[in-house]
Each structure stands twice: as C-alpha cells, then as structure tokens.
Amino acid sequence: MVVRRIGLLTSGGDCPGLNAVIRAVIKTAVNEHSIEVVGIEDGYEGLILRRTRKLGLEDASGILTIGGTILGTSNRANPFGYPTERDGEVVFKDRSDEVVSYIGELGLDALVCVGGDGTLTIAHRLFREKGIPVVGVPKTIDNDLYGTDQTFGFDSALSTATEAVDKLHTTAQSHHRVMVIEVMGRNAGWLALGAGLAGGGDVILIPEVPFRVEAVCEVVEERVRRGKRFSIVVVSEGAYPQGGEPFVRRRVADSMESARLGGVGEWVGQEVERLTGMETRVTTLGHLQRGGTPTPFDRILATRFGREAVKLIASGNFDRMAALHGTEITSVPLDEVAGRQRRVPLDSHWIACARSLGVGLGE
Ligand code: F6P
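Residues numbered from 1 in each chain as written. Predicted model: local features only at pLDDT ≥ 70, side-chain atom pairs only at ≥ 80, totals over all residues. Heavy atoms only, no water.

### Side note on the domain arrangement of the chain
Per the domain assignment, the segments of the chain are domain 1 (5-152 + 294-336) and domain 2 (156-289). On a C-alpha basis, the centres of domain 1 and domain 2 stand 32 Å from each other. Facing the 18 residues of domain 1 at the interface are 15 residues of domain 2. Among the residues domain 1 hides against domain 2, the three largest losses belong to Asn75, Ile141 and Asp142. Together they make up 42% of the total. Across the domain 1-domain 2 interface, the total number found is zero salt bridges. Where domain 1 touches domain 2, the interface holds four residue pairs in polar contact (both at pLDDT 80 or more). Looking at the side of domain 1 that touches domain 2 residue by residue, the class counts come to seven nonpolar, seven polar and four charged. (Domains from an automatic or database assignment. Contact = heavy atoms within 4.5 Å. Buried area = accessible area lost by both parts, 1.4 Å probe. Salt bridge = Lys/Arg side-chain N within 4 Å of Asp/Glu carboxyl O. Polar contact = N/O pair within 3.5 Å; in protein donor to acceptor, adjacent residues only side chain to side chain. Nonpolar A, V, L, I, M, F, W, Y, C, P; charged D, E, K, R; others polar.)

### Observations concerning the sheet that holds strand E9 (residues 203-205)
Strand order across the open sheet formed by four strands is E9-E10-E8-E13, with parallel pairing between neighbours. One side of each edge strand has no neighbouring strand; the edge strands of this open sheet are E9 and strand E13 (280-284). This sheet shows a mean twist of 15° between the axes of neighbouring strands, independent of strand direction. Two elements, strand E8 (residues 178-183) and strand E10 (residues 231-236), share six bridges in a ladder whose sense is parallel. Among the inter-strand pairings, methionine 179 is bridged to a residue of E10, identified as isoleucine 232. Running at roughly 165° to E8, helix H5 (residues 154-175) makes contact with E8, E10 and E13 of the sheet. (Pairing = 2+ DSSP bridges. Helix = DSSP H or I, 4+ residues; strand = E, 2+ residues; numbered from the N terminus. Axes fitted to C-alpha atoms, helices over the stretch in contact; angles between N-to-C directions.)

### Describing the sheet that holds strand E3 (residues 52-55)
Here seven strands make up an open sheet; going across it, the order is E3-E2-E1-E6-E7-E14-E15 and the pairing mixed. What marks the edges here is a single partner per strand, and that holds for E3 and strand E15 (328-333). Adjacent strand axes in the sheet meet at a mean angle of 30°, parallel and antiparallel pairs treated alike. Of the strand pairs in this sheet, strand E6 (residues 110-115) and strand E7 (residues 134-138) are connected by five bridges, and their pairing is parallel.

Next comes the structure, spelled out in structure tokens:
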C-alpha cells in the first residue's frame, strides 16, 4: 500500500513535547516520504466535528520548544461514545461511522494518534472494528503507559515538580514546617516518587503503596528528634490511606476519565498537623506540571517517537505504538497497550533507593 496522506491528532490531557512530535511527523513525512499531513483539531473531536487543516513544513517551524499542542486536544471526544446532551442529560452516541466516512473523504491512508491510554485504546478500536490504519505515540506526564519504558512529557513534568519541591525545602526549613506537596499521577506514582527522590523528600506517598498517616507522622517526629525541624511530604494525587480509596474531587460523566482526583494532600496535611502539632502547609501543583517548555530529554524522545510513527506507517506496520525500550526506539502492538497500566513495581530500583535512603513510604 502506498501512503500518500496521513492524519495527525493529539488527544487527551496535554503535556510538553506534543509540538515536538507534530514537528517530527511533518518533517519526516514530507522530507523523507513525500507524504502529506493533515492536522486534526482537538483530538478525535476534529474527526467528529470535521475540523482539520493541511500541515506543511512551515507549520513545523518554531514549535519545537513550545508547550501544549498547536492542534489542540480534548479528553471528552470518543467517537465510540461522544457525549451529547439530550433532554438535559448527557448521553453517549456512537459516531464512529461518521468518523470513518470523514477519513475517507479526506483521503487519509493512515492516522497518527498521539495520546495516553484512552487515546490509544480508541485508536486500536478504530483499527480493529473499522479497519482504519493507525499508529500510536505514547504521551502522558504520568508515565503510566504500558509497553514503553517512558512516555514523553514525564521528564518535563518531573522537572517542574522537582523544582517545586526544591523551593518548598527552603521555606520549610526557615519556618520549621511540614510541607506537603500534591503532584499529579492518577494511577501511578512515577511523578511523586521521581520528584521525591530528586528533591530529597522525606516521605513519598504513591497509589501503589496505600499509606498510614501515622507512619507519615512517625517520620516527621523522628526527624524532629534528630534536630530536623521541618519535613517534605510528596503525595501523588492518586495516593490513598490503607483501607480507603483515592480522593475524588469531582465525578465526570463526559470525559475519558470517570473522576478528577485531588484532595489527598490537603487531608494528609490536616492529619499531620493534628497528630504531630507541627505547623503544616499544603501545595497542590496541579496543571503547572502539564505546561511549559519540554526538557531536552522530552524534545528528543518526542522527536524520535514522531519519526518512528511515520516510519511504521511508511512500512505498512499499523496498529502499533512507538516505544522506548532501554535506549532504543521500537514499537509494540496496540493490543498489548490498550487498557493496561504501567504502575511503579514494588520491587523497582526507585523504591529500593527510597527505602535505602530512609524515605518514608507511609507503610
Ligand atoms: O493523565 C494526565 C493527568 O495530568 C493526570 O495526572 C490528571 O489526573 C489528569 O490528567 C487531569 O486531567 P484534566 O486535564 O482533565 O484536569
């Protein structure tokens, strides 16, 4: 099959490095394969609501270092269940056949779908159920995608979270306070663990290790006994107490995720202050972690992934996701990725390091 024109979309939560992928896809497609690229706006929504534009080399210019995505994104637009209001209620409509027609009208021979688990699961369904040739590129600041050692976006978010921990350190020290910082990470604790290790956190709470708040207090009090009158507690938004559940800020009906998490940091802060009597402050880093310029690591990883996606398409290898294994770029079947998560293994080296250094994990 000769590929002449491909569609490119970015879907799900944004992250630094999306534009670097877009740039790499355009440049590799045009320069090396004479393939035209059509940009699809706002993820799958552009395929549903017919919003696309041609992307040429001029569009790839000047975007490498810019955060976000020039194509826009959405985490609500699922062609197999598009939220639609009917009689004041949200119902989910299957619009996948309309999407297939539009792809035909646009003359797209394949689609590059850049996103996380939700995006790639939809891409896989488009291939399996509708016969659309797709290739995926793994993105998320959470780093929780199965099948790749790392997603792009994670390194940039980690750098932001680490800088925040560093800044909290000095003010914690000056005021002799406990500083709790809640970072993102719905199902996996990579960001909290990474920022905690890199920033020298005293306690790190992640979804993979349900915690006891008493264990957090023990670390804080032990530090006081050793003359350290401040502590830094890094909490993943998906962390939860033993016997409890993740803290839901809001249930959502119209998103690829069923709930927005948040609030565990506040709760941990209140409990630590109540149980230890130490003055405690809480910072929730939120979407700051999703913005800003990508780190050099992410720019390179995103570039390598974007190039690989085009190479997969040019060689007729569909229903696969570009992946990083060790230091090599390779690809894995989307079937292996869809619906699975790469959580922090309890026997991982990062956890072993935390334990060896005496960091509390709330156990
Ligand atoms: O999956 C990436 C992520 O940033 C999570 O860490 C977070 O829970 C979620 O997206 C927030 O998404 P939204 O853009 O809907 O606020």
